[in-house]
Amino acid sequence: MRMRVLPNDTDILRHVNNGIYLSLMDLGRFDLMIRSGYWARLRKLGWYPVATNTTMTYRRSLQTWQRYVLETKVIGFDDKAMYVEQRFVSNNEVYAVGYMRGRFLKRSGGTVSVAELGELAGLDPASMPVPEWVTNWVDSIALPPSRASFPSDWDSPESTTPQSTSH
């Protein structure tokens, strides 16, 4: 997506606010789904995307009115989710890179399997494994399942350490 930094994208220092990058990445992923023709098919099936993990690395600051391109690419699948890399690029230089792990949910309830996504897209998810560092990242930040208890207790070592390595 060709874009320009708008004043409402910036913070008091007049560069893109760190939180805005995640919102822009949402736009990039929806743009990819729409342009590929999958968004209409997903909506018809009652499936919708949710982000389960994200990480960002900032290299340079995008400034007010600066033009840039948001590049979005599916980089792989594991047994439960898909992974997307997104780059903020200006003058052929990468300014920031974000990674998102996401799943699709069904409006009728439940989760869309990776096999179902592969069938919809006409691809074999096993042919697109995620890089090892991505698997390590997900494992290292995993939290307990949403139905499990995870109280906030800053004094407990477990409160800042992921409780589960399942993803």
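Just above, that's the structure.
As a starting point, this report considers the structure included with it. The structure displayed is predicted, hence computed values, not measured ones.

Below, the discussion takes up the environment of Asn136. Mapping Asn136 onto the fold places it in helix 4 (residues 132-141). Taking C-alpha positions, Asn136 is 12 Å from Asp78, a pair spaced 58 residues apart along the chain.

This part covers the environment of Trp39. Mapping Trp39 onto the fold places it in helix 2 (residues 38-45). Considered as a pair, Trp39 and Pro49 are 10 residues apart in the sequence and their alpha carbons are 10.0 Å apart. Every residue in contact with Trp39, bar those within four places of it in the chain, is listed here: Phe30, Met33, Ile34 and Pro49.

Inspection of the secondary structure assignment puts Leu117 in helix 3 (residues 114-121). Residues Leu117 and Arg103 lie 14 residues apart in sequence; the distance between their C-alpha atoms is 9.6 Å. Each residue touching Leu117, except ones within four places of it in the same chain, is listed here: Trp47, Phe104 and Val112.

Right, let's get into the pairing of strand 3 (residues 67-77). In this sheet, strand 3 lies alongside strand 1 (residues 2-4) in antiparallel orientation, the contact comprising 3 bridges. Considered in strand 3, the bridge of Arg4 is made with Arg67. Where strand 3 and strand 4 (residues 82-90) come together, 8 bridges link them in antiparallel fashion. Bridge pairing in strand 4 places Gly76 opposite Tyr83.

Looking now at the packing of aromatic side chains. Inspection of every chain in the model, using the stated rule, returns 5 aromatic pairs. With 5.0 Å between their ring centres and 85° between their planes, Phe30 and Trp39 make a pair best called edge-to-face. Looking at Phe30, the relative accessible area reads 32%, which means it is partly exposed. Centre to centre, the rings of Tyr99 and Trp133 are 4.9 Å apart; their planes meet at 85°, and the pair counts as edge-to-face.

Parameters and conventions
Residues numbered from 1 in each chain as written. Predicted model: local features only at pLDDT ≥ 70, side-chain atom pairs only at ≥ 80, totals over all residues. Heavy atoms only, no water. Helix = DSSP H or I, 4+ residues; strand = E, 2+ residues; numbered from the N terminus. Contact = heavy atoms within 4.5 Å. Pairing = 2+ DSSP bridges. Phe/Tyr/Trp six-rings, centres within 6.5 Å; stacked < 30°, edge-to-face > 60°. Buried < 20%, exposed > 50% of the residue type's maximum accessible area, 1.4 Å probe, protein only.

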